[in-house]
Amino acid sequence: LTVGEAVAEWRRGHIDGVVCVGPLECMPNKVAEAQLFHAAERERLPSLTISLNGDPMETEALENFVFEARSRFQRRASGVEAALAGAALDDALAA
């Protein structure tokens, strides 16, 4: 479910990346991390796995990941807007 739903949502264009958070040395989290690595190679799905042990974490990796995901979203959104504007222009020229 952790990996399958993320890949399905990625293919639908509903997400721009996935963050997997779990306890340090948690086997299910490690399996998800490994599978997300392969999904990233096959699907070009950006992913970040964070393993926590209760101590404060360095936020730099998360901030960088969020910046990249936001950039992907903005590029995708501007592409959709451009496509809609082009379609509206085509409709106006056809009328």
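What this report covers is the structure whose coordinates are included nearby.

What counts as what
Residues numbered from 1 in each chain as written. Predicted model: local features only at pLDDT ≥ 70, side-chain atom pairs only at ≥ 80, totals over all residues. Heavy atoms only, no water. Salt bridge = Lys/Arg side-chain N within 4 Å of Asp/Glu carboxyl O. Buried < 20%, exposed > 50% of the residue type's maximum accessible area, 1.4 Å probe, protein only. Helix = DSSP H or I, 4+ residues; strand = E, 2+ residues; numbered from the N terminus. Arc of directions from axis to C-beta. Axes fitted to C-alpha atoms, helices over the stretch in contact; angles between N-to-C directions. Parallel < 35°, antiparallel > 145°, perpendicular 65-115°, else oblique. Left-handed = near helix turned anticlockwise from the far one by under 90°. Contact = heavy atoms within 4.5 Å. Nonpolar A, V, L, I, M, F, W, Y, C, P; charged D, E, K, R; others polar. Patch = residues over 30% accessible without salt bridge, like charges linked within 9 Å, V, L, I, M, F, W, Y side chains within 5 Å. Areas by Shrake-Rupley, 256 points an atom, 1.4 Å probe, with all protein chains shown as cover.

The full count for this structure, using the stated rule, is five salt bridges. Across the pair Arg 12 and Glu 5 runs a salt bridge, and its minimum N-O distance is 4.0 Å. For Arg 12, a relative accessible area of 49% corresponds to the partly exposed category. Across the salt bridge formed by Arg 12 and Glu 9, the nearest N and O atoms sit 2.5 Å from each other.

So, on to helix α1 (residues 2-12). Those residues of α1 that fall on the buried side of the exposure criterion are Val 3, Ala 6, Val 7, Glu 9 and Trp 10. The buried residues of α1 occupy an angular sector of 165° when projected down its axis, which confines them to one face. Once α1 ends, the next one or two residues include Gly 13, with phi positive near 80°.

Structurally, the position occupied by Phe 73 is in helix α3 (residues 60-94). Residue classification places Phe 73 among the partly exposed residues on the basis of a relative accessible area of 44%. As for Phe 73 and Ile 15, which are separated by 58 residues in sequence, their C-alpha atoms are 8.2 Å apart.

All right, on to the packing of α1 against helix α2 (residues 27-43) then. It is at 9 Å that the axes of α1 and α2 come closest, and there the two elements cross at 25°. Here α1 lies roughly parallel to α2, going by the angle between them. Handedness of the crossing formed by α1 with α2: right-handed. Where α1 abuts α2, its residues Thr 2, Val 3, Val 7, Trp 10 and Arg 11 lie against Ala 32, Gln 35, Leu 36, Ala 39 and Glu 43. Looking at the contact of α1 with α2 residue by residue, the classes come out as six nonpolar, two polar and two charged.

On to a nonpolar patch on the surface. On the surface, Val 19, Val 21, Leu 52 and Met 57 cluster together into a nonpolar patch covering about 290 Å² of accessible area. Structurally, Leu 52 can be placed in strand β2 (residues 47-52). Owing to a relative accessible area of 33%, Leu 52 belongs among the partly exposed residues under this scheme.

Right, let's get into the environment of Met 57. With respect to the helices, strands and loops of the structure, Met 57 is situated in the loop between β2 and α3. Those residues in contact with Met 57 that lie beyond four places of it in its chain are Ile 50, Leu 52 and Leu 62.

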